[in-house]
Amino acid sequence: MRVLVVEDERRLAVALRRGLETEGFRVDVAHDGLEGLRLADQQAYDVIVLDIMLPGLDGYRVCARLRAAGSQAGILMLTAKDGEWDEAEALDTGADDFLSKPFSFLVLVARLRALGRRIGRGRPSVLVLGDLVIDSDARTCSRAGVPTHLTAREFDILEHLALRAGAVVSKREILDQVWDVGDGDPNVVEVHVSALRRKIDTPFGRSSVQTMRGAGYRLAADGG
Ligand code: CA
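Structure report, in brief.

Conventions we followed
Residues numbered from 1 in each chain as written. Predicted model: local features only at pLDDT ≥ 70, side-chain atom pairs only at ≥ 80, totals over all residues. Heavy atoms only, no water. Donors = N, O, S within 2.8 Å, 3.2 Å for Na, K, Ca; no water. Buried < 20%, exposed > 50% of the residue type's maximum accessible area, 1.4 Å probe, protein only. Helix = DSSP H or I, 4+ residues; strand = E, 2+ residues; numbered from the N terminus. Contact = heavy atoms within 4.5 Å. Axes fitted to C-alpha atoms, helices over the stretch in contact; angles between N-to-C directions. Parallel < 35°, antiparallel > 145°, perpendicular 65-115°, else oblique. Nonpolar A, V, L, I, M, F, W, Y, C, P; charged D, E, K, R; others polar. Expected span 1.5 Å × (residues − 1). Arc of directions from axis to C-beta.

1. Quick word on the coordination of the calcium ion
Six octahedrally arranged donors around a metal ideally form angles of 90 or 180 degrees; four tetrahedrally arranged donors ideally form angles of 109.5 degrees. The coordination sphere of the calcium ion contains the protein donors Asp 8 (OD), Asp 51 (OD) and Met 53 (O), at a distance range of 2.1 to 2.3 Å. Sequence spacing of the donor residues for the calcium ion, all on one chain, is D-x42-D-x1-M. The partly exposed category is assigned to Met 53, whose relative accessible area is 46%.

2. Remarks on helix α7 (residues 171-179)
Turning to α7, its buried residues are Glu 173, Ile 174, Leu 175, Asp 176, Val 178 and Trp 179. The elements touched by buried residues of α7 are β1 (2-6), β2 (26-30), α2 (33-42), α6 (152-163), α8 (186-200) and β11 (216-219).

3. Points about the packing of α7 against α8
What describes two packed helices is the angle between their axes and the distance between those same axes. Two elements in contact, α7 and α8, have axes separated by 9 Å at closest approach and are oriented at 80°. Accordingly, the angle class assigned to the pair α7 and α8 is roughly perpendicular. Taken together, the residues of α8 that come into contact with α7 (itself represented by Lys 171, Arg 172, Ile 174, Leu 175 and Trp 179) are Pro 186, Val 188, Val 189, Glu 190 and His 192. Residues that form the contact of α7 with α8 fall into these classes: 6 nonpolar, 1 polar and 3 charged.

4. What about helix α1 (residues 10-22)?
Across its 13 residues, α1 extends 18 Å between first and last C-alpha, which sits within 8% of the 18 Å expected from 1.5 Å per residue. What α1 keeps buried is the set Ala 13, Leu 16, Gly 19 and Leu 20. Seen end-on, α1 carries its buried residues on one side only, within an arc spanning 140°. Of the exposed residues in α1, the ones pointing more than 90 degrees away from its buried face are Arg 10, Arg 11, Arg 18 and Thr 22.

What follows is the structure, given as structure tokens:
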């Protein structure tokens with residue numbers, strides 16, 4: 001599960017990153033609201049831990065903007081006890097859950113897992129892009145009713161591109177998502193994307209997996 005922590009208290013942010021990574025989450029940290037929005041725009045997170053009191057853009061505004069931009073991430077807001085900030089307001093702006101500071105790390109982890117499961121259930125397991133059908137549960141894919149046989153890597157890449165259909169996805173993001181390493185070789189992505197094209201596009205006269213020069217790839221939503 002991929003988590004974004006938006007928290008300006010450096011020590012807390014560091015502790016959260018370490019703790020959540022130990023629990024098996026993949027964690028990115030932003031130290032202010034705008035950086036949080038930027039990261040959330042580049043990367044699909046399952047869950048976002050969002051502090052309310054942030055420099056620049058506060059957590060309420062970050063949350064509202066994320067929702068306005070169509071973010072499906074589960075959002076857990078960190079509220080300060082006895083502060084002027086209201087939990088009801090957190091939920092009003094589109095947050096899914098909140099936790100008052102100071103909080104127990106174990107409770108945070110339990111809440112994040114619960115949120116991740118809830119969000120995951122709401123996500124369709126079958127993605128349909130034109131005549132391209134991707135079944136995330138069965139891990140199968142077909143084009144125009146013809147089953148294609150993808151390797152595990154090819155499937156993961158396709159699934160990630162499909163979840164972000166229409167958006168430009170960088171090789172770095174694909175490496176992060178599919179290989180689980182921060183510093184892999186982008187050329188490896190190229191090789192797998194070429195193989196993917198030869199299976200889902202070329203035989204069908206399509207070019208749905210588009211190369212965006214210098215930026216990455218985009219799966220055309222219309223499949224054409
Ligand atoms: Ca703060």
